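# Fold and geometry: a report
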Amino acid sequence: MPGQVELGRLKIDWARAHMPVLSSIEQRFAREKPLAGTRVSAVLHVEAKTCVLALALKAGGADLRLAAGNPLSTDDDAVAAVVEAGVPTWARKGESLDEYNAGIRATLDFDPQVIVDDGADLVALAHTSRPDRGPVIGSTEETTAGVNRLRAMERSGALRWPAIAVNDAQMKHLFDNRYGSGQSFLDGLFSATNLLVAGRTCVVAGYGWVGKGVAGLLRGVGADVLVTEVDPVRAIEARLEGFRVRTLLQAAPEADLIVTTTGTVGVVRAEHLRVVKDGCLLANMGHFDVEISKPDLASLAVHRRVVRPSVEEYRFADGRRVFLLGDGRLINLATGQGHPAEIMDLSFALQALSIEYLVRHGRSLAPRVYPVPPELDRAVAEAALPSLEVAIDRPTPEQLRYADSWKEGT
Ligand SMILES: NC(=O)c1ccc[n+]([C@@H]2O[C@H](COP(=O)([O-])OP(=O)(O)OC[C@H]3O[C@@H](n4cnc5c(N)ncnc54)[C@H](O)[C@@H]3O)[C@@H](O)[C@H]2O)c1
């Protein structure tokens, strides 16, 4: 049996072999060293695909520190291998909240010039602690929840450096949030429960990018899917995709599974828990563990016990039981293995190019939230065509002239 470092290396090699776009960036970085001497701190889910990104940044010359962006999503083998490869890392699967916070703080004590964040915890901490720290050139943000936080900081005038919203790039949210979340949700659900999904009634709260992926993949494995929304446009979109759309109070009594994908707080609350049927599974795919109210669960329960790894049973006074998966944290990372490597290839290629962009141009940017430059989005799409076995037509000269004529208004 290989040791932990060797196991981690094998996992990283497996991921890298399925991440051709990031690998080609890593090779270019190794030649050109665009990040030479730049102190980079990254707070991400530390598993094999993230380690491929970390090693690509290191190949580019970055002086990198890595910490867990979630206490449950770490792969200890991958951590052992990336530490061995020279990236100081603070991450342990199942770490306490104190350890988790200490890890984030350690990456900050390193005085990063570039911050790579997933949920904006590190950015928020950097804004509130140690004002004597050296200047940050900029940061990149991986997820919707973090971009929402950054936008709020920008609006209130608090944001102190340029931040690139990697999440909002087309090659990120269209595929990572949707198809990556859909597949890795099923992975997490299957490994946590080992239960049948076909024929079960599953309620997906939220029909944004993650909700679309989760609802679509659940339907793909034979579930009867209901959607809940607060946005009328997205509710109609879900309806026209063929899903029943109900309020959560209407949907809860028939749910075998409720999964939250909203990015907001207190979606599944006491009023819903009072009407769910016996045996209902509760899972969350949103960034923070606040979508299923754990305080409400705790106050309604007369008895709690762990019945499988990452499955906690809450029994109510009337005998009904609900099962909370992965402690209400992102289930695809808590009990699954995260997004497929081919999807993270796209997201992390954008991260690597955005970090390079910040090092080149960040000092001349105002402290605002910026989109990924469209040419980088496009470059990742072009580079991904061969590995995804996609062939596209190119516009003919006549078609280009035709498009130009419209631009000129002729
Ligand atoms: N698990 C993962 O791997 C993963 C991947 C990407 C994003 N995320 C996280 O998932 C969350 C959602 O991301 P997204 O990109 O889909 O965001 P999004 O903004 O596209 O979608 C959220 C949707 O939830 C709806 N919503 C808000 N409050 C609601 C409520 N009370 N009931 C029902 N619907 C409600 C909104 O109207 C919106 O349509 C964020 O926290 C994001 O950070 C997780």
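Residues numbered from 1 in each chain as written. Predicted model: local features only at pLDDT ≥ 70, side-chain atom pairs only at ≥ 80, totals over all residues. Heavy atoms only, no water.

### As for the layout of surface pockets
What counts is decided by this rule: Cavity and pocket criteria rest on a 1 Å grid covering protein atoms alone: a 1.4 Å probe that fits but cannot get out defines a cavity, protein on both sides within 12 Å along at least 5 of 7 lines defines an open pocket, and an atom within 4 Å of a point defines a lining residue. Grid points are joined across faces, edges and corners, and a volume is the space filled by probe spheres set on the points. Comment: elements are numbered from the N terminus, with helices defined as DSSP H or I runs of at least four residues and strands as E runs of at least two. Residue ranges for the domains originate in an automatic or database domain assignment.
Of the volumes computed, that of the second largest pocket is approximately 510 Å³. Contributing to the lining of the second largest pocket are 24 residues, with Glu47, Lys49, Gln337, Gly338 and His339 lying nearest its centre. Taken together, the elements giving at least two residues each to the lining of the second largest pocket come down to helix H1 (4-17), helix H3 (48-59), helix H8 (170-193), helix H14 (331-334) and helix H15 (341-361). For the lining of the second largest pocket, the two domains that each supply at least three residues are domain 1 (4-172 + 339-384) and domain 2 (181-334).

### Brief notes about the site of the ligand
Applied cut-off: To be near a molecule or strand, a residue needs just one of its heavy atoms within 4 Å of it. Under this definition, polar contacts are N or O atom pairs within 3.5 Å; protein pairs additionally need one hydrogen-donor-capable and one acceptor-capable atom, and for neighbouring residues in sequence, both atoms have to be side-chain atoms. Methods summary: accessible areas were calculated by the Shrake-Rupley approach with a probe of 1.4 Å, and residue burial reflects only the protein chains presented. Here the term charged refers only to Asp, Glu, Lys and Arg, the term nonpolar to Ala, Val, Leu, Ile, Met, Phe, Trp, Tyr, Cys and Pro, and the term polar to all other amino acids, Gly among them.
As a structural note, the neighbourhood of the ligand is formed by 25 residues, with Thr143, Thr144, Val210, Glu229 and Asn332 the closest of them. Here Asn177 contributes a side-chain N or O atom positioned 3.0 Å from an oxygen atom of the ligand. At 2.5 Å from an oxygen atom of the ligand is found a side-chain nitrogen or oxygen belonging to Glu229. When isolated, the ligand has an accessible area of 860 Å², and the protein chains bury 86% of it. For the shell around the ligand, the elements supplying multiple residues, two or more each, are helix H7 (144-155), H8 and helix H9 (209-220). Here the residues of the shell around the ligand are counted per class, giving seven nonpolar, 15 polar and three charged.

### A look at H3
Structurally, the α-helix is built with 3.6 residues per turn, so residues lying three or four positions apart point the same way. Put simply, the rule is: In this analysis, the expected span of each helix is defined as 1.5 Å times one less than the number of residues it contains. Burial status follows relative accessibility: with a 1.4 Å probe on protein chains alone, a residue under 20% of its type maximum counts as buried, one over 50% as exposed, and anything between as partly exposed. Contact between two residues is taken to exist if any of their heavy atoms lie within 4.5 Å; hydrogens are not considered.
Taking 1.5 Å of rise per residue, twelve residues should cover 16 Å, and H3 covers 16 Å from first to last C-alpha, within 8% of that figure. H3 sits mainly inside the fold: eleven of its twelve residues count as buried. Residues of H3 that are buried include every one of Ala48, Lys49, Thr50, Cys51, Val52, Leu53, Ala54, Leu55, Ala56, Leu57 and Ala59, and no others. Packed against the buried residues of H3 are H1, helix H2 (20-32), strand S1 (39-44), strand S2 (63-68), helix H4 (76-84) and H15. Backbone geometry just after H3 places Gly61 at a positive phi near 100°.

### Focus on the sheet that holds strand S4 (residues 114-117)
Two modes of strand pairing occur in sheets, parallel and antiparallel, and in both the strands are linked by backbone hydrogen bonds. In plain terms, the rule: The pairing criterion is simple: DSSP has to find at least two bridges between the two strands. Working convention: axes come from line fits to C-alpha atoms, limited for helices to the stretch in contact. Angles between N-to-C directions cover 0 to 180 degrees.
Strand order in this open sheet of seven strands is S3-S2-S1-S4-S5-S6-S15, and the pairing throughout is parallel. The sheet terminates laterally at strand S3 (89-90) and strand S15 (369-371), the two strands that pair on one side only. Note that S2 and S3 share two bridges and pair parallel. Directly across from Ala67, in S3, lies its bridge partner Trp90. Against the sheet, helix H5 (residues 97-109) contacts S1, S2 and S3, and its axis sits at roughly 165° relative to S2.

### Details of the nonpolar core
Worth spelling out the cut-off: What is meant by a nonpolar core is a set of buried Ala, Val, Leu, Ile, Met, Phe, Trp, Tyr and Cys residues, joined one to another through side-chain atoms within 4.5 Å.
Counting residues in each nonpolar core, the largest one holds 52 residues, and the members touching the most others are Met19, Leu22 and Leu57. Filtering out sequence-adjacent residues up to four positions away, Leu57 remains in contact with Phe29, Leu35, Ala62, Leu64, Ala352 and Ile355.

### So, the pairing of S4
The alternating pattern of S4 places Val114 and Val116 and Ile115 and Asp117 on opposite faces, both of which are buried. In this structure, S4 lies alongside strand S5 (residues 138-141), joined through four bridges in parallel fashion. Bridge pairing links Ile115 to Ser139 in S5.

### Thoughts on the packing of aromatic side chains
Condition: What counts as a ring pair is set by centres within 6.5 Å for rings of Phe, Tyr and Trp (its six-membered ring), and what kind of pair is set by the plane angle: stacked under 30 degrees, edge-to-face over 60, tilted for all other angles.
Taken as a whole, this structure holds three aromatic pairs when the rule is applied. Between the aromatic rings of Phe175 and Tyr179, the centroid separation amounts to 6.5 Å while the plane-to-plane angle is 20°, which identifies the pairing as stacked. Here Phe175 pairs with Tyr179, and both are found in helix H8, just four residues apart, close to one helical turn. A relative accessible area of 27% means that Phe175 is categorised as partly exposed. For Tyr179, a relative accessible area of 44% puts it in the partly exposed group. Ring plane angle 90° and centroid distance 6.1 Å describe the contact between Tyr402 and Trp406, whose orientation is recorded as edge-to-face. You can see Tyr402 and its partner Trp406 sitting in helix H17 (residues 397-407), four residues apart, about one turn around the helix. For Trp406, a relative accessible area of 58% corresponds to the exposed category.

### Points about the side chain of Thr261
Relative to the elements of secondary structure, Thr261 occurs in the loop between strand S10 (257-260) and helix H12 (270-273). According to the relative accessible area criterion, Thr261 is buried, its value standing at 10%. In this structure the side chain of Thr261 is engaged in a polar contact, spanning 3.0 Å, whose partner is the backbone oxygen of Gly206. The contact partners of Thr261, leaving out residues within four places of it in the chain, are Val204, Ala205, Gly206, Val210, Gly211, Val214, Met285, Gly286 and Glu291.

### Topic: the pattern of salt bridges
We count it as follows: Should a side-chain nitrogen of Lys or Arg be within 4 Å of a carboxyl oxygen of Asp or Glu, the pair is scored as a salt bridge.
Tallying each qualifying case throughout the model produces 30 salt bridges. Across the pair Arg151 and Asp168 runs a salt bridge, and its minimum N-O distance is 3.2 Å. On the criterion of sequence distance, the pair formed by Arg151 in helix H7 and Asp168 in the loop between strand S6 (163-165) and H8 is long-range, its members being 17 residues apart. Taken together, the shared-partner salt bridges connect Arg28, Glu32, Glu356 and Arg360 into one network.

### Comments concerning the packing of H1 against H3
The condition that has to hold: Working definition: roughly parallel below 35 degrees, roughly antiparallel above 145 degrees, roughly perpendicular at 65 to 115 degrees, and oblique for all remaining angles.
Packing of H1 against H3 brings their axes to within 8 Å, and their N-to-C directions diverge by 80°. Judged on the interaxial angle alone, H3 and H1 are roughly perpendicular. Between H1, through Lys11, Ile12, Ala15 and Arg16, and H3, the contact on the second element is made entirely by Ala48, Lys49, Cys51, Val52 and Leu55. Looking at the contact of H1 with H3, its residues break down into six nonpolar, no polar and three charged.

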